[in-house]
Amino acid sequence: MYHLDPMQALFLVLVLTVIFMVRGIKRGGKNFFDTVEDSNCELKSAKEWGYTSTYYWEMKKHDMMFRDGQWLPMYMENDLKNPYLIEQMRKKDLVLDRYNHWVFTGKTLEKLRNLKALYWQQPIKRKH
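All values reported here derive from a predicted model rather than from experimental measurement.

## A word on the pattern of salt bridges
Logical step 1: Following the criterion strictly, the structure yields seven salt bridges and no others.
Logical step 2: Between Asp63 and Lys92 there is a salt bridge, with its nearest N and O atoms 3.4 Å apart. Here Asp63 is found in the loop between α3 (53–61) and β1 (64–67), whereas its partner Lys92 is found in the loop between α4 (83–91) and β3 (94–96), with 29 residues between them in sequence.
Logical step 3: In this structure, the salt-bridge partner of Arg113 is Glu110, at a minimum N-O distance of 2.8 Å. Here Arg113 pairs with Glu110, and both are found in helix α5 (residues 106–114), just three residues apart, close to one helical turn.

## Thoughts on the side chain of Glu42
Logical step 1: Within the secondary structure, Glu42 sits in helix α2 (residues 41–48).
Logical step 2: Of the polar contacts made by the side chain of Glu42, one reaches the backbone nitrogen of Phe66; its length is 2.6 Å.
Logical step 3: If we skip the residues at most four places from it in the chain, Glu42 touches Tyr56, Lys60, Met65, Phe66 and Arg67.

## Digging into the pairing of β1
Logical step 1: As paired strands, β1 and strand β2 (residues 70–73) are joined by four bridges and run antiparallel to one another. Bridge assignment links Met64 to a residue of β2, and that residue is Pro73.
Logical step 2: Connecting β1 to the antiparallel partner β2 that follows it, the hairpin turn spans two residues, and Asp68 within it adopts a positive phi of roughly 50 degrees.

## Some thoughts on the packing of aromatic side chains
Logical step 1: All told, the structure shown has nine aromatic pairs when counted by the stated rule.
Logical step 2: Summarising the aromatic geometry, the rings of Tyr56 and Trp57 are spaced 4.9 Å apart at their centres and angled 80 degrees between planes, so their arrangement reads as edge-to-face.
Logical step 3: In this structure Tyr56 comes out as buried when scored by relative accessible area, which is 1%.
Logical step 4: Taking the relative accessible area as the measure of exposure, Trp57 reaches 41% and is therefore partly exposed.
Logical step 5: By the ring-pair criterion, three or more aromatic residues cluster together here, those being Trp49, Tyr51, Tyr55, Tyr56, Trp57, Phe66, Trp71 and Phe104.

## Description of the environment of Gly69
Logical step 1: Mapping Gly69 onto the fold places it in the loop between β1 and β2.
Logical step 2: Between the C-alpha atom of Gly69 and that of His101, which follows or precedes it by 32 residues, the distance is 9.9 Å.

## A few points about α2
Logical step 1: Within the sequence span of α2, burial applies to Glu42, Leu43 and Ala46. Angularly, the buried residues of α2 cover 100 degrees about the axis, an arc narrow enough to put them on a single face. Residues of α2 that are exposed and angled more than 90 degrees away from the buried face: Cys41 and Glu48.
Logical step 2: At the N-terminal end of α2, a side-chain oxygen is found 3.2 Å from the backbone nitrogen of Glu42, two or three residues along, and the residue is Asn40.
Logical step 3: Residue Gly50 follows α2 closely and has a positive phi angle near 105 degrees.

## Remarks on the packing of α3 against α5
Logical step 1: Relative to each other, α3 and α5 sit at 160 degrees, their axes nearing to 11 Å. With respect to α5, the axis of α3 lies roughly antiparallel. When the axes of α3 and α5 are compared, the crossing they make is right-handed. Of α5, the residues touching α3 (which contributes Thr54, Tyr55, Glu58 and Lys61) are Thr108, Lys111 and Leu112.
Logical step 2: Partitioned by chemical class, the residues of the contact of α3 with α5 number two nonpolar, two polar and three charged.

Procedures and definitions
Residues numbered from 1 in each chain as written. Predicted model: local features only at pLDDT ≥ 70, side-chain atom pairs only at ≥ 80, totals over all residues. Heavy atoms only, no water. Salt bridge = Lys/Arg side-chain N within 4 Å of Asp/Glu carboxyl O. Helix = DSSP H or I, 4+ residues; strand = E, 2+ residues; numbered from the N terminus. Polar contact = N/O pair within 3.5 Å; in protein donor to acceptor, adjacent residues only side chain to side chain. Contact = heavy atoms within 4.5 Å. Pairing = 2+ DSSP bridges. Phe/Tyr/Trp six-rings, centres within 6.5 Å; stacked < 30°, edge-to-face > 60°. Buried < 20%, exposed > 50% of the residue type's maximum accessible area, 1.4 Å probe, protein only. Arc of directions from axis to C-beta. Axes fitted to C-alpha atoms, helices over the stretch in contact; angles between N-to-C directions. Parallel < 35°, antiparallel > 145°, perpendicular 65-115°, else oblique. Left-handed = near helix turned anticlockwise from the far one by under 90°. Nonpolar A, V, L, I, M, F, W, Y, C, P; charged D, E, K, R; others polar.

Have a look at this one:
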């Protein structure tokens with residue numbers, strides 16, 4: 001029978017711990033993020049309207065929230081005639097489109113376009 005000295009046993013335990021942790025993260029990581037997305041009602045609503053989670057998190061970085069099918073400023077009233085609001089939104093790479101919805105422009109739009117995270121770049125999901 002083979003016996004390990006304390007240093008060899010410690011090394012073996014550490015190696016096995018690292019291996020099982022890496023395997024667990026690989027297997028369980030995706031499920032963990034799915035449950036985080038499922039528990040976020042705002043993200044779920046945005047996905048129902050066709051927005052991707054990448055687009056959602058980018059809007060959150062720019063202090064926007066998704067309510068009733070549109071993106072609204074989080075810390076300001078959505079007064080579309082307020083020049084201060086429009087100026088602040090332009091600093092965040094956001095402008096109003098022809099339907100008076102806030103959309104990205106500039107470098108942020110290019111970044112999302114390259115990531116294929118814009119809603120018109122998503123494949124159409126057909127129900128059978």
